[in-house]
Amino acid sequence: MSARGGAPPDATPGEGADWSARPGTRRGRPPLGGGAAVGEPSRRRRRGAVRRYRFAEGPAALTLRIPEVLDSQYGMYVWPCAVVLAQYLWVHRRSLPGKRVLEVGAGVSLPGVLAAKCGAEVTLSDSEELPQCLRNCRRSCLLNRLPHVPVLGLTWGRVSPELLSLAPVDIILGSDVFFDPKDFEDILTTIYFLLEKNPHAQFWTTYQVRSADWSIEALLCKWKLKNIHIPLHSFSADKEHLASSSLPGRHTIEMMIISLAQSDGT
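One structure accompanies this document, and this report is about it.

**Quick word on the side chain of T205**
Now for step 1: Structurally, the position occupied by T205 is in strand β9 (residues 202–208).
Now for step 2: On the accessibility criterion, T205 (0% relative accessible area) is buried.
Now for step 3: A polar atom in the side chain of T205 sits 2.7 Å from the backbone oxygen of G174.
Now for step 4: Those residues within four positions of T205 in sequence are excluded, and the remaining contacts are G174, V177, F178, E254, M255, M256 and I258.

Right, here's the structure in full:
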């Protein structure tokens, strides 16, 4: 859920705004809804908002406050994939205490923040080239009383000192990281590096189906990785509204778990 190319700060979805990528943006698309707002921002203050996401199961409930930022050069929002991945974590929250979790392309960090609130030892990361994203990761932590969660600059496809010095991990999280096909191999290169260092770890990821022509199957084979599809109904995510929000809406979201292929080729 890394930074996407943003919308003009005074534009509202559905009012004829041009959501195409602009010079200097990484990529562009419109915001696709969000959680119940803690007071809708006025047009003059549309650059920032804090939204609530409430996860509940029986008597157990957790409310998170997530900051969103709109700017003419970049945008950081909670996208549909992030809510679905956070729902998966919530349903499996009893397995999280003590788990070492790394979120890549974290952006506003909804899944990672939820994992930390459920007892996981979380590290958040986003591109070292996007300091505004790293600042927003830290702000998400502070708003949810997680001041000690580390935030690192990690760029997909780059073997950096930060990547080399990462502590062991059990779970890697990534929501909507498979957005731009030109990034697919860089993402999987980084995931393969992490899984090689942590052979029992898994990459839990959600993605939005945007084109039938886009596939990572060949890259998974190249990097000796395998994936398991996780049906959304198995964790109560097959609905248009999750976490007291209007997401994921009618977007087609899928989830998979990626791990190292075994030596027998499975």
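From this point, the discussion proceeds with the structure in view.
**Let's talk about the nonpolar core**
Now for step 1: Y53, F55, V78, L110, L114, W204 and M255 are the most contacted members of the largest nonpolar core, which has 51 residues in total.
Now for step 2: Per-element tally for this core: the top contributor is helix α1 (residues 80–91), with 9 residues.
Now for step 3: Every residue in contact with W204, bar those within four places of it in the chain, is listed here: L85, Y88, L89, I171, I172, L173, G174, M255, M256 and I257.
Now for step 4: Within the second largest apolar cluster, 25 residues are counted, among which are L166, V169, L195 and L260.

**Digging into the sheet that holds strand β6 (residues 121–126)**
Now for step 1: Pairing is mixed across the open sheet formed by 7 strands, whose spatial order is β7-β6-β5-β8-β9-β11-β10. Only two strands of the sheet have a single partner each, and these edge strands are β7 (151–153) and β10 (225–229). Averaged over all adjacent pairs, the angle separating strand axes in this sheet is 25 degrees, with direction ignored.
Now for step 2: The sheet contact formed by β10 and strand β11 (residues 253–260) spans 5 bridges and is antiparallel. Residue N227 lies in a different strand from β11, and its bridge partner there is I258.
Now for step 3: Contacts from helix α3 (residues 131–143) reach β6 and β7 within the one sheet, and its direction differs from that of β7 by about 170 degrees.
Now for step 4: Sheet strands touched by helix α5 (residues 184–197): β5 (100–103), β8 (171–175), β9, β10 and β11. Its angle to β11, the strand with the most contacts, is close to 45 degrees.

**Some remarks on the packing of aromatic side chains**
Now for step 1: Across all of its chains, the model carries 7 aromatic pairs by this definition.
Now for step 2: Judged by centre distance (6.5 Å) and plane angle (45 degrees), the ring pair of F55 and W90 falls under tilted. Pair noted here: F55 is in strand β2 (residues 48–57) and W90 is in helix α1, with a separation of 35 residues, a long-range link. Like W90, F55 is buried.
Now for step 3: A centroid spacing of 5.0 Å and a plane angle of 85 degrees characterise the contact between Y77 and W79, whose relative ring orientation is edge-to-face. The same class applies to Y77 and to W79, which are both buried.
Now for step 4: Put simply, the rings of Y88, W204 and F235 pair up and form one aromatic cluster.
Now for step 5: A cation sits over an aromatic face here: R93 above W90, 4.0 Å from the ring centre.

**Some words on α1**
Now for step 1: Along its 12 residues, α1 runs 17 Å from first to last C-alpha, staying within 8% of the 16 Å computed at 1.5 Å per residue.
Now for step 2: Counting buried residues in α1 gives 11 out of 12 residues, a clear majority hidden from the surface.
Now for step 3: Of the positions making up α1, those classed as buried are P80, C81, A82, V83, V84, L85, A86, Q87, Y88, L89 and W90.
Now for step 4: Looking at the buried residues of α1, the elements they touch are β2, β3 (60–70), α2 (110–117), β8, β9 and β11.

**With respect to the environment of L114**
Now for step 1: The topology assignment puts L114 in helix α2.
Now for step 2: By relative accessible area, which is 0% here, L114 ends up buried.
Now for step 3: On a C-alpha basis, the gap between L114 and L62 in space is 8.4 Å, while along the polypeptide they are 52 residues apart.
Now for step 4: With residues near it in sequence (within four places) discarded, L114 still touches F55, L62, L64, A86, L89 and W90.

**Re unusual backbone geometry**
Now for step 1: The peptide bond linking L247 to P248 adopts the cis configuration, its omega dihedral lying at 5 degrees.
Now for step 2: Relative to the assigned elements, P248 resides in the loop between β10 and β11.
Now for step 3: Despite not being glycine, A243 shows a phi value in the positive range, around 55 degrees.
Now for step 4: Exposure remark for A243: the relative accessible area of 8% places this residue in the buried category.

**Some words on the pattern of salt bridges**
Now for step 1: Within the structure shown, the criterion is met by 10 salt bridges.
Now for step 2: Between E57 and R93 there is a salt bridge, with its nearest N and O atoms 2.8 Å apart. Of this pair, E57 sits in strand β2 while R93 is found in the loop between α1 and β5, placing the two residues 36 residues apart along the sequence.
Now for step 3: Residue classification places E57 among the partly exposed positions, given a relative accessible area of 36%.
Now for step 4: In this structure, the salt-bridge partner of D170 is R100, at a minimum N-O distance of 2.9 Å. Placement of the pair is D170 in the loop between α4 (161–164) and β8 and R100 in strand β5, with a sequence separation of 70 residues.
Now for step 5: Under the relative-accessibility criterion, D170 is labelled partly exposed at 21%.
Now for step 6: What you see here is one network of salt bridges that share partners, running through E128, E129 and R158.

The rules behind these values
Residues numbered from 1 in each chain as written. Predicted model: local features only at pLDDT ≥ 70, side-chain atom pairs only at ≥ 80, totals over all residues. Heavy atoms only, no water. Helix = DSSP H or I, 4+ residues; strand = E, 2+ residues; numbered from the N terminus. Buried < 20%, exposed > 50% of the residue type's maximum accessible area, 1.4 Å probe, protein only. Polar contact = N/O pair within 3.5 Å; in protein donor to acceptor, adjacent residues only side chain to side chain. Contact = heavy atoms within 4.5 Å. Core = buried A, V, L, I, M, F, W, Y, C linked by side-chain atoms within 4.5 Å. Pairing = 2+ DSSP bridges. Axes fitted to C-alpha atoms, helices over the stretch in contact; angles between N-to-C directions. Phe/Tyr/Trp six-rings, centres within 6.5 Å; stacked < 30°, edge-to-face > 60°. Lys NZ or Arg CZ within 6 Å of the ring centre and 35° of its normal. Expected span 1.5 Å × (residues − 1). Salt bridge = Lys/Arg side-chain N within 4 Å of Asp/Glu carboxyl O.

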